[in-house]
Amino acid sequence: MTTLRTFKQVIPAMDTADGDGVKLRRSIGAMPGLRHDPFLMLDEILSDEAADYIGGFPPHPHRGFETVTYMLEGLMQHKDHMGNVGLLKPGGAQWMTAGRGVIHEEMPQQDEGRLHGFQLWLNLPAAEKMKPADYRDIEPEQIPEATVAGAKLRLIAGQLDIADQHFSGPINGDEYPVTTDPLIVDVALQAGTELTLPITAGHNAFIYLFEGELNGAIQAVTAPAAIKLGDGEAVSLSSAQGARLLLLAGKPLNEPVAQRGPFVMNTQEELYQAMKDYGNGTLTE
Ligand code: MN
């Protein structure tokens, strides 16, 4: 008998702004108590108005974690201190390991139309926070798609067995090992669909519902909201009216988190060091 994960906590997405005045919705990580180890933060950018996103995210640093960016609509360009330049396009993703230090910018490449995307901050274990920075572009066609009754899935990270088929995302334990073993799935549910997806027991999991409604055992949840899940071997996604969501799971690190803006370390001393290194120009060295 498969143990199903329950809806444990609903976190409505809150309107906020970051970068140079970019309007966004923050759920996981909107406050320190709303993290979900190893997930530090999840932001959604969704606007049809250029004024809401045109300022972008001019050059800024990161240390101690990974950022995963996933685009549904619009174009965003990434440039970093290593000389990487990447264009994020609809259906594509970017996996950046800040490690000991990255200085980068993320700028919209359009001055009209809809921009819709997500950025996830995924923590690194203490032993890997100072590892060399790394960056990987994921083209839309590298993300496997699965169609099952009433649902369409795209697997950005992890492995998934569904409808007697095995899917492996571009970021997975074999070719691109990540200690937190993340699962990231983009799920589109048609109205009246119920879909059960396996999740590794013991991993922390949540849903980010960005369109429509999900019907839990006890309550219905309306977008936009994050839903922290209890433990179990699978989650049952049920939607009477249809829904778009991201399903995320990962191995908890169970380590102290010290955060100041774009730096996420384990202790205050390490944060002071990060600020000092950024100040004297040695963050990335
Ligand atoms: Mn950034």
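Residues numbered from 1 in each chain as written. Predicted model: local features only at pLDDT ≥ 70, side-chain atom pairs only at ≥ 80, totals over all residues. Heavy atoms only, no water.

Taking every second residue as pointing to the same face, the buried face of strand 18 (residues 193-198) carries Thr 193, Leu 195 and Leu 197, while none of Glu 194, Thr 196 and Pro 198 on the other face is buried. With 6 bridges connecting them, strand 18 and strand 22 (residues 234-239) associate as antiparallel partners. What sits directly across from Leu 195, in strand 22, is Leu 237. (Buried < 20%, exposed > 50% of the residue type's maximum accessible area, 1.4 Å probe, protein only. Helix = DSSP H or I, 4+ residues; strand = E, 2+ residues; numbered from the N terminus. Pairing = 2+ DSSP bridges.)

Further remarks concern the coordination of the manganese ion. Each protein donor to the manganese ion is listed here as His 60 (NE2), His 62 (NE2), His 104 (NE2) and Glu 106 (OE); together their distances run 2.1 to 2.6 Å. For the manganese ion, the single-chain donor residues occur in sequence as H-x1-H-x41-H-x1-E. Taken together, the positions of His 60 in strand 5 (residues 57-62) and Glu 106 in strand 10 (residues 102-108) put the pair 46 residues apart, joining distant regions of the chain. A single burial state applies to His 60 and to Glu 106, both of which are buried. (Donors = N, O, S within 2.8 Å, 3.2 Å for Na, K, Ca; no water.)

For the rest of this paragraph, the subject is the sheet that holds strand 7 (residues 76-80). On the basis of which strands lie adjacent, the open sheet formed by 4 strands has the order 5-10-7-8 and antiparallel pairing. Bordering the open sheet on either side are strand 5 and strand 8 (85-88), each of which pairs with just one other strand. Averaged over all adjacent pairs, the angle separating strand axes in this sheet is 20°, with direction ignored. Direction of pairing for strand 7 relative to strand 8: antiparallel, over a ladder of 4 bridges. The residue of strand 8 that forms the bridge with His 78 is Gly 86. (Axes fitted to C-alpha atoms, helices over the stretch in contact; angles between N-to-C directions.)

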